[in-house]
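Letter by letter, the chains look like this.
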Amino acid sequence: MMTKMVKNGIIVTAADIYEADLLIQDGKIAMIGRNLDESGAEVIDAKGCYVFPGGIDPHTHLDMPFGGTVTKDDFESGTIAAAFGGTTTIIDFCLTNKGEPLKKAIETWHNKATGKAVIDYGFHLMISEITDEVLAELPKVIEEEGITSFKVFMAYKNVFQADDGTLYRTLVAAKELGALVMVHAENGDVIDYLTKKALEDGHTDPIYHALTRPPELEGEATGRACQLTELADSQLYVVHVSCAQAVEKIAEARNKGLNVWGETCPQYLVLDQSYLEKPNFEGAKYVWSPPLREKWHQEVLWNALKNGQLQTLGSDQCSFDFKGQKELGRGDFTKIPNGGPIIEDRVSILFSEGVKKGRITLNQFVDIISTRIAKLFGLFPKKGTIAVGADADLVIFDPTVERVISAETHHMAVDYNPFEGMKVTGEPVSVLCRGEFVVRDKQFVGKPGYGQYVKRAKYGALMADQDVVKMS
Ligand code: URP
Ligand code: ZN
Ligand code: ZN
């Protein structure tokens with residue numbers, strides 16, 4: 001593999017901002033310094049650009065069956081769009097079926113990704129039940145597959161929802177085995193009652209999706225999950241936090257010293273509940289769970305990112321076309337497939353709305369979209385930073401370019417973009433994964449199948465010195 005040198009850029013990590021050259025050899029960062037000798041290397045001029053570690057999206061659903069259909073973006077279109085957006089690693093949710101071996105579910109997910117992904121990827125594993133068979137398989141899931149995070153749904157009754165006993169037992173097992181438990185925290189039983197009642201009362205429009213999933217039910221489930229985490233003396237990551245009530249519960253748990261972490265998503269930071277009221281059924285484009293909230297919640301979420309009560313940004317990419325897919329819910333909002341196309345705009349929205357508008361610092365931005373995620377999910381320091389020995393996963397980012405987000409120019413496979421018309425400042429110009437260009441000068445030059453499956457370290461492994469220094 002030819003050596004490459006990134007010159008003239010400003011390197012940004014979660015800790016530092018400085019001008020330096022980067023030498024890339026064998027897919028890794030080999031040297032960082034001023035005026036490095038470029039002979040024999042292909043020079044990449046990053047003048048006027050930031051160079052930051054590739055974004056890591058901890059929350060994607062690609063090629064996932066859901067809501068009577070299958071997400072439009074698969075591992076090929078989804079990872080191409082991710083790369084255009086400055087993401088070089090994703091962690092996708094592997095669904096499981098009750099009574100079926102976990103191994104089978106994991107194989108299914110490998111088959112979806114192999115030969116398609118253009119950037120690196122890992123899997124989280126959904127836990128839907130705890131049986132003797134599941135308990136017997138979990139150590140292998142961790143040791144052999146490097147899957148060190150388990151997902152429990154507290155909502156979607158009769159589809160994905162697990163009961164509190166299952167959540168508690170998952171927390172206990174995760175503590176013992178070294179995994180991080182992730183929860184979709186909404187009270188599924190009460191939502192089930194409220195949605196049935198709304199339909200009985202003749203309320204069928206998309207806005208009722210939000211009105212039947214009030215923020216109190218997210219706050220309640222988040223608090224319950226925190227309490228169970230305390231009882232199990234375990235570790236918890238709350239996905240897609242959308243509201244003040246949930247932030248409050250996470251902050252309370254963290255103030256008690258619990259190992260509780262929170263993720264929010266771009267859609268909750270910049271869109272609000274009124275989008276579900278768009279005419280001609282267009283509100284369906286904004287149906288996902290938890291739902292969009294009243295606008296005042298946005299400030300709470302921004303503050304939580306700023307002060308560290310929330311630590312990460314996921315996309316919750318789960319895309320469906322408006323035509324033919326979202327439309328399945330015309331006349332019954334409960335039949336609208338839940339989810340949106342977000343993977344491509346996650347990094348740019350945080351940069352533009354966060355850094356450019358002075359809500360977070362540039363270092364916080366890198367931490368939130370990459371470094372902290374790498375640390376929590378066992379990818380650091382191979383990924384998530386710019387350091388000698390780390391994978392050369394790099395984004396060369398022009399912080400000045402102004403553009404408008406649109407379905408006409410995005411790379412996701414869907415027929416709409418929820419951020420349509422939004423003006424953002426900043427754009428990835430070139431993106432490298434393990435030293436190879438995936439996007440070069442805003443053109444796709446990657447290869448389906450280039451993306452490698454990444455086995456991840458156990459939760460907390462970083463606390464041991466030997467895991468910090470072993471980089472290659
Ligand atoms: O509506 C959403 N968020 N769809 C994806 C599945 C989930 O709950 O994360
Ligand atoms: Zn969810
Ligand atoms: Zn999700």
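Up top you'll find the structure we're talking about.
Residues numbered from 1 in each chain as written. Chains lettered and ligands numbered in written order. Predicted model: local features only at pLDDT ≥ 70, side-chain atom pairs only at ≥ 80, totals over all residues. Heavy atoms only, no water.

A. Region of the structure containing the pairing of strand β1 (residues 4-7). A two-sided burial pattern is seen for β1, the buried positions comprising Lys4 and Val6 on one face and Met5 and Lys7 on the other. Taken together, the 4 bridges between β1 and strand β6 (residues 42-45) define a ladder with parallel strand orientation. Counterpart to Lys4 in the pairing with β6 is Glu42. (Buried < 20%, exposed > 50% of the residue type's maximum accessible area, 1.4 Å probe, protein only. Helix = DSSP H or I, 4+ residues; strand = E, 2+ residues; numbered from the N terminus. Pairing = 2+ DSSP bridges.)

B. Inspection of the environment of Lys28 at higher detail. Mapping Lys28 onto the fold places it in strand β5 (residues 28-33). Separated by 407 residues in sequence, Lys28 and Gly435 have C-alpha atoms that sit 6.4 Å apart.

C. Up close: the coordination of the zinc ion (ligand 2). On the protein side, the zinc ion (ligand 2) has His184 (ND1) and His240 (NE2) as donor atoms, found 2.0 to 2.1 Å from it. In this structure, the zinc ion (ligand 2) is surrounded by 4 donor atoms whose angles at the metal cover 58 to 151 degrees, and the resulting shape is irregular. A spacing of 3.8 Å is found between the zinc ion (ligand 2) and the zinc ion (ligand 3). Taken as a pair, His184 in strand β14 (residues 180-184) and His240 in the loop between β15 (235-238) and α8 (244-255) lie far apart in primary sequence, 56 residues in all. In this pair, the class of His184 matches that of His240, namely buried. (Donors = N, O, S within 2.8 Å, 3.2 Å for Na, K, Ca; no water. Tetrahedral: all angles 85-135°; square planar, octahedral: opposite > 155°, others 65-115°.)

D. View of the sheet that holds strand β16 (residues 259-264). With parallel pairing, the 8 strands of this open sheet are ordered in space as β8-β11-β12-β13-β14-β15-β16-β17. The open sheet has two edge strands, β8 (55-60) and β17 (312-313), and neither has a second partner. Two elements, β16 and β17, share 2 bridges in a ladder whose sense is parallel. When the sheet's bridge partners are listed, Glu263 is paired in β17 with Thr312. The strands that α8 touches are β15 and β16; relative to β16, the one it contacts most, it runs at about 150 degrees. (Contact = heavy atoms within 4.5 Å. Axes fitted to C-alpha atoms, helices over the stretch in contact; angles between N-to-C directions.)

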